[in-house]
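# Structural overview for review
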Amino acid sequence: MKEGYELIYKRPKALVDVRMHYCPGCFHSTIHKLLMEVVEELDIQDKTIGVCPVGCSVFAYDYLDIDMQEAAHGRAAAVATGIKRMLPDRIVFSYQGDGDLAAIGLAETIHACNRGENFTFIFINNGIYGMTGGQMAPTTLEGQETTTSPYGRAPDKDGMPLKMAEIVSQFEMVAYVERVSCDTPANTRKAKRAIRKAFEFQMKGLGTTFIEVASNCPSGWKCTPEESLNWLKEHMFPYYPLGVLKEPSKKKKGNAARRTKTE
Amino acid sequence: MPFKGYVEISIESCKGCNLCVIHCPTDCLALNTSDTNSYGLHYAYLTDEDKCIACQNCSVICPDAAITVYKKVE
Ligand SMILES: Cc1ncc(C[n+]2csc(CCOP(=O)(O)OP(=O)(O)O)c2C)c(N)n1
Ligand code: SF4
Ligand code: SF4
Ligand code: SF4
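Described below are features of the structure shown in this document. (Residues numbered from 1 in each chain as written. Chains lettered and ligands numbered in written order. Predicted model: local features only at pLDDT ≥ 70, side-chain atom pairs only at ≥ 80, totals over all residues. Heavy atoms only, no water.)

### A word on the packing of aromatic side chains
To describe a pair of aromatic rings, you give the distance between the ring centres and the angle between the ring planes. For clarity, the cut-off: Stacked, tilted and edge-to-face are the three classes applied to pairs of Phe, Tyr and Trp rings, where Trp contributes its six-membered ring and a pair requires centres within 6.5 Å; stacked means planes under 30 degrees apart, edge-to-face means over 60, and tilted covers the rest. By the criteria applied, helices consist of DSSP H or I runs no shorter than four residues and strands consist of E runs no shorter than two, each listed in order from the N terminus.
Going through the model one piece at a time under the given rule, you end up with 11 aromatic pairs over all chains. Between tyrosine 5 of chain A and tyrosine 6 of chain B, the aromatic rings sit 5.0 Å apart at their centres with planes inclined by 80°, giving edge-to-face as the arrangement. Linking tyrosine 5 of chain A in strand S1 (residues 5-9) with tyrosine 6 of chain B in strand S1 (residues 5-9), this pair reaches from one chain into another. With 6.0 Å between their ring centres and 65° between their planes, tyrosine 22 of chain A and tyrosine 63 of chain A make a pair best called edge-to-face.

Following this line, the structure appears as structure tokens:
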């Protein structure tokens, strides 16, 4: 460091100092970084447990220096449920792509939310199956070309893209839902605040917390990282608007209170 | 008066995605197109230290956490 200067930002220590395998500009990396910044700020590195999905982020356990558990494809919510129920004092999150959370794992997702399981979903919605070569996902946009919808997603055959954040907001025991992105420094700062809030609500036992990231996949979308930001703004945000969909109400009791009453 | 700062970019961590370059408000970052890191990728570097205002936009947007930011003590 030069004399007369002070350090104001450096890579979080909880993010292992290795090169992540993600493609250049992929938000999987950005969200890994934000997660570990929050873990450091809240000083919960030895109390946080993450559950990895199947998808591009299958190796997240190599990068996040916390306890991690790998789940079978789509089952992260079930595994996170088990971990949180056995170790209720830990901060538990599942980290899942849209193929994982909204296709093969939809049942686990819906039922964990309906039960108000007290962990945090980090849901990376990039509109396709990134790892397997860019196939159509339940979240693929209308008209979007993928390797399995080469003429564009057609609603009459393929249905409409699932709005997971809107869907899980309907469940009474889901406490907090926000959709964020990392396309600008401002939105990335908001994404970090949202992750932090979700962990804080979880620590208060308020119920399920769900952060959907309107994410990118430059390789699967066949564009540069810069072009992927424009595509997000032009196509993803109009259908998947950013912002808070649900927040814990101050008056209502959280699930922790509800549970102790019945147990 | 805006702050005065400088950044250090880890050549090996950088993947040349260019996101820091397009989000720097004072245009003091660029990709080094005449050199690559060991992965064969052009990496970002600070072109003009005098222009850096320590805003952290680059370090916030950088997916690979390759950027360290310093601020001049007032
Ligand atoms: C039981 C099972 N079915 C299918 C697969 C193949 N598969 C691997 S990753 C994946 C989808 C990944 O997409 P997504 O969850 O959106 O994550 P991304 O790679 O985009 O981050 C699929 C279908 C598998 N590994 N296991
Ligand atoms: S394939 Fe897509 S989601 Fe996977 S690492 Fe590359 S850009 Fe990211
Ligand atoms: S801290 Fe701000 S001004 Fe300095 S290089 Fe980064 S983005 Fe540019
Ligand atoms: S944002 Fe990070 S990885 Fe991308 S070019 Fe800048 S320093 Fe390199």
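### Observations concerning the site of ligand 3
We count it as follows: Here a residue is near a molecule or strand as soon as one of its heavy atoms is found within 4 Å of it. For this scheme, ten residues count as nonpolar: Ala, Val, Leu, Ile, Met, Phe, Trp, Tyr, Cys and Pro. Four count as charged, namely Asp, Glu, Lys and Arg, and the remainder, Gly too, count as polar.
Neighbouring residues of ligand 3: 13 residues in total, closest Cys24, Cys52, Cys55, Gln56 and Cys58 of chain B. For the shell around ligand 3, the residue count by class is 10 nonpolar, 3 polar and no charged.

### Observations concerning the sheet that holds S1 of chain A
Spelled out, the test is: Between any two strands, pairing holds if DSSP finds at least two bridges. Each axis is a line fitted through C-alpha atoms, taken for helices only over the stretch in contact, and angles between the N-to-C directions span 0 to 180 degrees.
Across the sheet, which stays open at both edges, the 3 strands sit in the order S1(A)-S4(B)-S1(B) with antiparallel pairing between neighbours. Looking at which strands have only one partner, the edges of the open sheet turn out to be S1 of chain A together with S1 of chain B. Looking at each pair of strands side by side, their axes are set apart by 30° on average, direction ignored. Where S1 of chain B lies against strand S4 (residues 67-72) of chain B, 5 bridges are found, and the strand directions are antiparallel. Across the sheet, the residue bridging to glutamate 8 of chain B is threonine 68 of chain B, located in S4 of chain B.

### Overview of the interface of chain A and chain B
Our working rule: What makes two residues a contact is simply this: any of their non-hydrogen atoms within 4.5 Å. Once two parts are brought into contact, the accessible area they lose, counted with a 1.4 Å probe and summed over both, makes up the buried area. Each salt bridge in this description consists of a side-chain nitrogen of Lys or Arg and a carboxyl oxygen of Asp or Glu lying within 4 Å of one another. The term polar contact refers here to a pair of N or O atoms within 3.5 Å; inside protein, the definition further demands a hydrogen-donor-capable atom paired with an acceptor-capable atom, and it admits residues adjacent in sequence only when both atoms are side-chain atoms.
Contacts between the two partners involve 31 residues from chain A and, on the opposite side, 33 residues from chain B. Buried area between chain A and chain B, both sides added, is near 2800 Å², and the carbon and sulfur share of it is 57%. Sorting the residues of chain A by area buried against chain B places Tyr5, Ile8 and Arg19 of chain A first, and these three jointly supply 25% of that buried surface. For the pair chain A and chain B, the interface holds 1 salt bridge. Measuring nitrogen to oxygen at the nearest pair gives 2.5 Å for the salt bridge that ties glutamate 49 of chain B to lysine 2 of chain A. Across the contact surface, chain A and chain B share 17 residue pairs in polar contact (both at pLDDT 80 or more). Breaking the side of chain A that touches chain B down by element, the ones donating at least two residues are S1, helix H1 (27-41), helix H7 (185-203) and helix H9 (225-239) of chain A. Here S1 of chain A pairs with S4 of chain B via 4 bridges, running antiparallel. Looking at the pairing, tyrosine 5 of chain A lines up with lysine 72 of chain B of S4 of chain B.

### A word on the packing of H1 of chain A against H7 of chain A
Residues and elements named next belong to chain A. What counts, and what does not: Angle categories: roughly parallel below 35 degrees, roughly antiparallel above 145, roughly perpendicular from 65 to 115, and oblique for all the rest. Each helix crossing is assigned a hand: it is left-handed if the near helix lies turned anticlockwise from the far helix by less than a right angle, otherwise right-handed if that turn is clockwise.
Their axes nearest at 9 Å, the elements H1 and H7 cross at an angle of 50°. Our classification of the angle between H1 and H7 gives oblique. Considering only the axes of H1 and H7, their crossing is right-handed. Here Thr30, Leu34, Leu35, Glu37, Val38, Val39 and Glu41 of H1 lie close against H7, whose contacting residues are Thr188, Ala191, Lys192, Ile195, Arg196 and Phe199.

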